[in-house]
Amino acid sequence: MLDLLVADGLITAEQARPVAAAPRPERDATHPLVIAARAEWSSAKPPHQKLTVEALVQWLAKNTGLPYLRIDPLAIDVAQATSMLPYHYAARANVLPLRMNAKEATFATADPFMREWERELRPILKRDIKRVLANPLDIRHYLVEFYALANSVKGGEQVHGRTAVAGLTNLEQLTELGKGNPLDANDQHVVGIVDWLLQYAFGQRASDIHLEPRRELNNIRFRIDGVLHDVYQIPAGVGGAVSSRLKILARMDLAEKRRPQDGRIKTRTPDGREVELRVSSLPTAFGEKLVLRIFDPEVLLRDSGQLGLSQSDSARWHAMTHEPHGIVLVTGPTGSGKTTTLYSTLKGIATPEVNVCTIEDPIELIEPAFNQMQVNAAIELNFAAGVRALMRQDPDIIMVGEIRDLETAEIAAQASLTGHLVLSTLHTNDAPSALTRLIDLGVAPYLLRSTLLGVVAQRLVRKLCPHCRETVDLDPKRWREFVAGTAPPPPRQVYEAVGCLECRDTGYKGRVGLYELMPLTRPIKDLLVEGADYRKLREAALRAGMVPLRLAGAEKVIAGLTSLDEVIKATPTGGIGD
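Let us look at the structure shown here.

A count of helical and extended segments in the protein gives 23 helices and 18 strands. Referenced to the eigenvectors of the C-alpha coordinate spread, the extents of the protein come out at roughly 85 × 70 × 45 Å. Looking at the protein residue by residue over its 578 residues, the buried ones come to 50%. The long-range share in the protein, meaning contacts at least 24 apart out of those at least 6 apart in sequence, stands at 63%. Total accessible area computed for the protein in this model is approximately 27600 Å², and 50% of it derives from carbon and sulfur atoms. Positive and negative side-chain charges of the protein, numbering 69 and 70 respectively, have mean locations separated by a distance of 3 Å.

Here we take up the nonpolar core. One finds L96, F107, I209, F222, V242 and L292 to be the most contacted residues of the largest nonpolar core, which totals 61 residues. Sorting elements by how many residues they give to this core places helix 10 (residues 188-203) first, with 9 residues. If we ignore the near neighbours within four places in the chain, the residues touching V242 are V190, I193, V194, L211 and I234. I327, C357, A434 and V455 belong to the second-largest nonpolar core, a separate cluster that totals 54 residues.

Looking now at the sheet that holds strand 6 (residues 227-235). Sheet architecture is open: 6 strands sit in the order 6-5-4-9-8-7, paired in antiparallel fashion. Two strands lie at the open edges of the sheet, namely strand 6 and strand 7 (261-268), each paired on one side alone. Averaged over all adjacent pairs, the angle separating strand axes in this sheet is 20 degrees, with direction ignored. The strands that helix 11 (residues 236-249) touches are strand 4 (208-213), strand 5 (217-224), strand 6, strand 7 and strand 9 (287-295); relative to strand 6, the one it contacts most, it runs at about 115 degrees.

Every buried residue belonging to helix 21 (residues 534-543) is among L537, R538, A540 and A541, and all of these are buried. Taken end-on, helix 21 shows its buried residues confined to a sector of 165 degrees, consistent with a single buried face. On the buried face of helix 21, the contacting elements are helix 17 (431-441), strand 18 (508-519) and helix 20 (522-530). Immediately downstream of helix 21, the backbone of G545 shows phi near 105 degrees, a positive value.

Here the focus is unusual backbone geometry. With an omega of -10 degrees, the peptide bond between D361 and P362 qualifies as cis. Note that P362 resides in the loop between strand 11 (356-360) and strand 12 (371-374). Located in the positive-phi region is N94, a residue other than glycine, with phi close to 55 degrees. One can find N94 in the loop between helix 7 (87-93) and strand 1 (95-100). Residue R205 is not a glycine yet carries a positive backbone phi of 60 degrees. Note that R205 resides in the loop between helix 10 and strand 4. On the basis of relative accessibility, which here comes to 36%, the residue R205 falls in the partly exposed class.

Once that is clear, we can look at the sheet that holds strand 14 (residues 421-426). Read from one edge of the open sheet, 7 strands run 12-11-13-14-10-15-18, paired in mixed fashion. Each edge of the open sheet carries a strand with a single partner, namely strand 12 and strand 18. For this sheet the average axis-to-axis angle between neighbouring strands, irrespective of direction, equals 20 degrees. The pairing of strand 13 (residues 397-400) with strand 14 spans 4 bridges and is parallel. Residue pairing across strands places I398 opposite V422, the latter belonging to strand 14. Against the sheet, helix 13 (residues 311-321) engages strand 10 (326-331), strand 14, strand 15 (452-464) and strand 18, with an angle of about 60 degrees to strand 18. In the packing of helix 15 (residues 383-391) onto the sheet, the strands contacted are strand 11, strand 12 and strand 13, and the crossing angle to strand 11 comes to about 165 degrees.

A word on the environment of V494. Structurally, V494 is set in strand 17 (residues 493-496). Along the sequence, V494 and I359 sit 135 residues apart, while their C-alpha atoms lie 43 Å from each other. Beyond its immediate stretch of four places on either side in the chain, V494 contacts E470, T471, V472, L474 and V557.

Our focus in this paragraph is helix 8 (residues 116-125). Residue pairs three or four apart in sequence face the same way in an α-helix, which turns once every 3.6 residues. Buried within helix 8 are the following residues: W117, E118, L121 and L125. Projected down its long axis, helix 8 carries its buried residues within an arc of 95 degrees, all on one side. Exposed residues on helix 8 whose side chains face more than 90 degrees from its buried face are E116, R119 and P123. Of the surrounding secondary structure, the elements contacted by the buried residues of helix 8 are helix 7, strand 1, strand 2 (104-109) and strand 3 (128-133). Phi turns positive one or two residues past the end of helix 8, at K126, with a value near 55 degrees.

This brings us to the packing of helix 19 (residues 476-483) against helix 22 (residues 549-558). Two quantities define a packed helix pair, namely the angle between the helix axes and the distance between the axes. Following both chains from N to C, one finds helix 19 and helix 22 inclined at 145 degrees, their axes separated by 9 Å at the closest point. Contacts between helix 19 and helix 22 involve W479, F482 and V483 from the first element and R550, L551, A554, V557 and I558 from the second. Grouping the constituent residues of the contact of helix 19 with helix 22 by class yields 7 nonpolar, no polar and 1 charged.

Turning our attention to the packing of aromatic side chains. Using the criterion set out here, one finds 8 aromatic pairs in the structure. Ring geometry for Y200 against F222: centres 5.7 Å apart, planes inclined by 65 degrees, an arrangement best described as edge-to-face. Of this pair, Y200 sits in helix 10 while F222 sits in strand 5, and the two are 22 residues apart along the sequence. For F222, a relative accessible area of 0% corresponds to the buried category. Among the aromatic residues, those joined into a cluster by ring pairs are W196, Y200, F222 and Y232. In this structure, R469 packs its charged tip against the face of Y495, placed 3.9 Å from the ring centre.

About the cut-offs
Counting starts from 1 at the beginning of each chain's written sequence and moves along it residue by residue. This being a predicted model, a pLDDT of at least 70 is required before a residue's local features are given, and a value of 80 or more before pairs of side-chain atoms are given or counted; all residues contribute to the totals for chains, interfaces and linings. Just so you know, side-chain values use all the structure's heavy atoms and leave hydrogens and water out. Under the scheme used here, helices are H or I runs from DSSP no shorter than 4 residues and strands are E runs no shorter than 2 residues, and both carry numbers assigned from the N terminus. Only protein chains enter the calculation, and the probe is 1.4 Å; a residue is then buried if its accessible area is under 20% of its type maximum, exposed if over 50%, and partly exposed in between. Any two residues having at least one pair of non-hydrogen atoms within 4.5 Å are treated as being in contact. The Shrake-Rupley method, run with a 1.4 Å probe sphere, supplies the accessible areas, and residue values consider only the shown protein chains as cover. Note that His is not counted, nor are the chain ends; the positive residues are Lys and Arg, and the negative ones are Asp and Glu. In this description, the location of a charge corresponds to atom NZ of lysine, CZ of arginine, CG of aspartate or CD of glutamate. Residue types Ala, Val, Leu, Ile, Met, Phe, Trp, Tyr and Cys, when buried and joined through side-chain atoms within 4.5 Å, form a set referred to as a nonpolar core. Pairing between strands is defined by DSSP: at least two bridges between the two strands are required. Comment: axis = line fitted to C-alpha atoms, over the contacting stretch for helices; angle = value between 0 and 180 degrees taken between N-to-C directions. Comment: arc refers to directions from the helix axis out to C-beta atoms. Charged means Asp, Glu, Lys or Arg here, nonpolar means Ala, Val, Leu, Ile, Met, Phe, Trp, Tyr, Cys or Pro, and polar covers whatever is left, Gly included. Geometry of aromatic contacts follows a simple scheme: Phe, Tyr and Trp rings, the Trp one being its six-membered ring, pair when their centres are within 6.5 Å, and the pair is stacked under 30 degrees between planes, edge-to-face over 60, tilted otherwise. Here, a charge over a ring is recorded when the distance from Lys NZ or Arg CZ to the ring centre is within 6 Å and its angle to the ring normal is within 35 degrees.

Following this line, the structure appears as structure tokens:
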């Protein structure tokens, strides 16, 4: 391999000499590509990229004529792959089974010159063998991970079988007589499956884990950058035990399967970061469906620029949230990032000199700098009662999880009138709609005029993958239709999604916020008293400098952060202005 690198002009003979003289035990135990990568060479050929393991694998693939593959674990059917050959054989041959169809079986290898295993497997599998070259570290990692998961699922099946015992909530369960007791949630196989599931989700940047029960198999799906991906299917009996294990960890009532429940889990990622998960259960036809929402504490460290606010909107937002009293509202649909915006803002203003109190349903992220309380319908502790209680706790800043009714809105207004800064959320499509929504709830316009500081509407859009995005010429007519003829002028080119291994062929990686910030200026306050007409309120907000969501998205498109299609999908069609 070193001779090939020298012959190709990537390294010099002087660079290769000390690596070739490495002690024999190290060379025997470690893959040659890994040994070479440790030397931290930079290629002698332009663009002089660093010769990492991944770069060396790509180079070796070109030299041997094998297709290169960057392993995407979500694209592999783990159950099928692990059934293709035993673990000990795969580990000895250093190959990772990937997929199999009627004609061929595909394997990832890091040793292109080793062909003995290929000759042995062809008559056994009765299929052609297709080899692809992959990172040896990835092969070793996923070989252990996939077979460990398969063994845990298989062990669970052997304990109980493929079918779960019918329960009260399972409306469509096929009952099989003579089956044993349900699989124990504390069984070592179940514990292993749950540990793998959580760590796998952290490694894949998932925001939600879905466990969906069906008659014979339970689906496991991850939401990554707002899109759901199929991950694995486990037998229903094992799936029920996995759900029970998660309920135990979340301190939920294990015996209660007829009512929805909420719980939370705090754990650590493999690299030591603490992560919180909010667990929600829902009774369905085939058992309890669980959704685990993953909250990364690092979101609290984001500033307004990282959230996606422009410089002008960031300055306005900072001014509003540093007022001594008043109400600031964040609006948008579920999953638009309202909680992240509020938590990040509160973290920035929660200094030792102020008392920050929250009332939430449920508490989504534990933060030591806040005093957090959760609503509890069983004891009639709702948002309004919670705010009344917080008023007697000498607060400076109060965060109300959501304004849902007139009582909560009026209590929040009273809190702001008595010298407190109140932050809360509302479900409306844009910022001006928040004013009409509050008036529809029954809040007196004069009360809003006296207390409301501003409203922010927001959406989340996926960010273009920086590794594969491409520029395309833009049709000016389409741009004018997109922004309704207003500024900014159409750019000559924009970026569009392509898809690569880094982004799992989606073209997007990560998300960024779009914001529509409406401060309550005097003309808008006067319109409130006269009668809150939505059209007039929006026109006044635009004159006051509010940038609509669609135009905020256009700025992100021009900056190359996202695509035109993504913004069109996420933002309201009308209401930009005449």
